[in-house]
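An overview of the molecular structure
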Amino acid sequence: MDVDNHAEELASALGVDKQEVKEDLESLLGYSVPLDEAKQSIRRKHGDGGGGDAAQPESVTLSEITTGLSNATVTVRVLTVGTRTIQYQGDEQTIREGRFGDETGTISYTAWQDFGFEAGDSIVVGNAGVREWEGEPELNLGSSTSVAMAEETVDTDAPIGGDSDLIDLSPGDRGRSIEVQIQEVDSRTIDGRNGETEILSGVVADETARLPFTDWNPHPEIEAGASCRIEDVYVREYRGSPSINLSEFSSVTALSESVAVTDSAPRLTLGEAVDSGGLFDVEVVGNVLEVRDGSGLIERCPECGRAIQNDQCRVHGAVDGEDDLRIKAILDDGTATVTAIIGAELTEEIYGGDVAAAKEAARDAMDKEVVADTIRDELVGGGYRVRGSLSIDEYGANLTVEAFEPADDEPAERAAAVLQEVRG
Ligand SMILES: [Zn+2]
């Protein structure tokens, strides 16, 4: 832990400006004052006797904690405990994070040292710092914080322990445990903070959903087709959808019984899907309004795979483009519009021919656009059931299509959607 860390922890626990604390700490250390003594004297300066109970803030319930408080003492039930290493000012530091609950609510916490509590424990947390994290108060447990077992079990309505179904996970969750089937896994090398590192990424599934994952410290049990219990994962947001992260602290146990997985994606309207901010796996039904430019027979950069025009990649300059097929279709169901991006394999099916056939048609017509036109004739005006991954960025909502089929079995629904559209 470096000076900056100590300053941050101390400032948070005392509820004072970090820069001031850091300057004091640096100047004391500059005079060769031992670290503990230096911290103690800074606590005294800010009126905290350090160690004396008199300095403890009053006990509050979790619902009484606001970002306006600087510190608090609470009696809580530990709901989840996640362990993670973070990079802080060049140092690696192991922190614990999760949620506490009491009869009035729940709150996130970060513990800068190991206080030894586990999920299910009832504890009294004395003098925790309160900080704001994404608009919500969070407890910060540092060197000025005390943790003791509570005399009585603390009641809470919140679930204890981290066992979760995939559908219930949200970005920011920590210390969760899941039982999943590994559906896809790829190994790749990244340029990480400790040089080149191998990581695993892929897709996991259970009965409720499918989600992408990254294993930053590859576990040998993570194999395609394996069913595993994975303890202590944290959840981040990736293109608007939750993504599961395994660290060196995650434990993976192979399960002898196969985990049942869903073979369908949640079915939403386009409006609901777009409002969710992004979904890894979703099914929608809509009408193709338009097949956009850049569909049909296209060329890609052999280096990066970007679609290119006139043999010019905007990253790699002049290249010898490779032919490919794809469709960018505007899909609409009356509630919202997305661009469905259909890859080569499905495009071949829709077009009714492969790249070679498309090139031949283009040669015969002396115009590449005949391929896109054939696709337009096939798709525009039709209703389709589409499954894929929806991501939303500044350029709009893009649905990367995994499955695409006519929605003929649901004429009533489609008619309703079209009607809604006509009415505006
Ligand atoms: Zn390129």
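Since the model is a prediction, treat every value here as computed from it, not as a measurement.

Moving on, we get to the overall build of the protein. If you tally the helices and strands in the protein, you get eight helices and 22 strands. Whereas a compact globule of 424 residues would reach a radius of gyration of roughly 22 Å, the protein reaches 28 Å, over 25% beyond that. Considering only C-alpha atoms, the protein reaches an extent of 90 × 50 × 50 Å along its principal axes. Put simply, 61% of the contacts in the protein that link residues at least 6 apart link residues at least 24 apart. In the form shown here, the protein has an accessible surface area of approximately 21500 Å², with 43% of it arising from carbon and sulfur atoms.

The interhelical angle for the contact between helix α1 (residues 3-14) and helix α3 (residues 35-45), taken along N-to-C directions, is 30°, at an axis separation of 11 Å. Considered as vectors, α1 and α3 are oriented roughly parallel to each other. Relative to α3, the crossing made by α1 is right-handed. Of the residues in α3, those touching α1 at H6, E9, L10 and L14 are L35, K39, I42 and R43. Classifying every residue of the contact of α1 with α3 gives four nonpolar, one polar and three charged.

Time to look at the coordination of the zinc ion. Protein coordination of the zinc ion is provided by C301 (SG), C304 (SG), C313 (SG) and H316 (ND1), with donor distances spanning 2.1 to 2.3 Å. Coordination geometry of the zinc ion: the four donor atoms subtend angles of 105 to 113° at the metal centre, consistent with an arrangement described as tetrahedral. Binding-site remark: the zinc ion is held by donors from one chain whose sequence spacing is C-x2-C-x8-C-x2-H. Of this pair, C304 sits in the loop between β15 (296-300) and β16 (307-308) while H316 sits in the loop between β17 (312-313) and β18 (317-318), placing them twelve residues apart in sequence. On the accessibility criterion, H316 (32% relative accessible area) is partly exposed.

So, on to the side chain of D4. Tracing the chain through its elements places D4 in helix α1. By relative accessible area, which is 7% here, D4 ends up buried. A polar side-chain atom of D4 sits 2.8 Å from a polar atom in the side chain of K22.

Another point: the environment of G116. Structurally, G116 is set in the loop between β4 (105-111) and β5 (122-133). Considering only alpha carbons, one finds G116 and T347, 231 residues apart in sequence, at a separation of 56 Å.

According to the stated counting rule, one finds five aromatic pairs in the structure shown. For the pair F100 and Y109, a centre-to-centre distance of 4.1 Å together with 10° between the ring planes defines the contact as stacked. Look at F100 and you get buried, because its relative accessible area is 0%. Overall, the relative accessible area of 0% leaves Y109 in the buried class. Seen from their ring centres, Y109 and F117 are 5.6 Å apart, and the 75° between their planes marks the pair as edge-to-face. Among the residues examined, F117 registers a relative accessible area of 9% and is labelled buried. Connected via pairs of aromatic rings, a cluster forms that spans F100, Y109, F115 and F117. The cationic tip of R84 hangs over the ring face of Y234; the distance from NZ or CZ to the ring centre is 4.9 Å.

Parameters and conventions
Numbers given to residues run from 1 along each chain, matching the order in which its sequence is written. The model is predicted, so local features are restricted to residues of pLDDT at least 70 and side-chain atom pairs to those at 80 or more, both for listing and for counting; the totals for chains, interfaces and linings are taken over all residues. Side-chain measures here rest on the full set of heavy atoms in the structure, leaving out hydrogens and waters. Counting from the N terminus, the helices are the DSSP runs of H or I reaching at least four residues and the strands are the DSSP runs of E reaching at least two. C-alpha atoms define the radius of gyration in this analysis, and the globule rule sets the expected value at 2.2 Å times the number of residues to the power 0.38. Throughout, a residue-residue contact means that at least one pair of heavy atoms, one from each residue, lies within 4.5 Å. Only the protein chains shown count as cover for residues, with accessible areas throughout obtained via the Shrake-Rupley method and a probe of 1.4 Å. Axis angles are defined between N-to-C directions and span 0 to 180 degrees, where every axis is a line fitted to C-alpha atoms and, for a helix, only to the segment in contact. Comment on the angle field: the value is read as roughly parallel under 35 degrees, roughly antiparallel over 145, roughly perpendicular from 65 to 115, and oblique elsewhere. The crossing is said to be left-handed when, going from far helix to near helix, the turn is anticlockwise and less than a right angle, and right-handed when the turn is clockwise. Residues were grouped as follows: Ala, Val, Leu, Ile, Met, Phe, Trp, Tyr, Cys and Pro as nonpolar; Asp, Glu, Lys and Arg as charged; and all remaining residues, including Gly, as polar. Sodium, potassium and calcium take a 3.2 Å donor cutoff, other metals 2.8 Å, and in both cases only N, O and S atoms count; water is not among them, so sites may look incomplete. By the criteria applied here, four donors are tetrahedral when all angles lie between 85 and 135 degrees, four are square planar and six octahedral when opposite donors are over 155 degrees apart and every other angle lies between 65 and 115, and any other arrangement is irregular. Exposure is judged per residue with a 1.4 Å probe applied to protein chains only, and the accessible area is read against the type maximum: over 50% gives exposed, under 20% gives buried, and values in between give partly exposed. Pairing of N or O atoms within 3.5 Å defines a polar contact, subject to two protein rules: one partner must be a possible hydrogen donor and the other a possible acceptor, and residues neighboring in sequence count only if both atoms are side-chain atoms. Stacked, edge-to-face and tilted labels apply to pairs of Phe, Tyr and Trp rings (six-membered ring for Trp) whose centres lie within 6.5 Å, assigned for plane angles under 30 degrees, over 60, and everything in between, in that order. We call a charge positioned above a ring when the Lys NZ or Arg CZ atom is no farther than 6 Å from the ring centre and deviates by at most 35 degrees from the ring normal.

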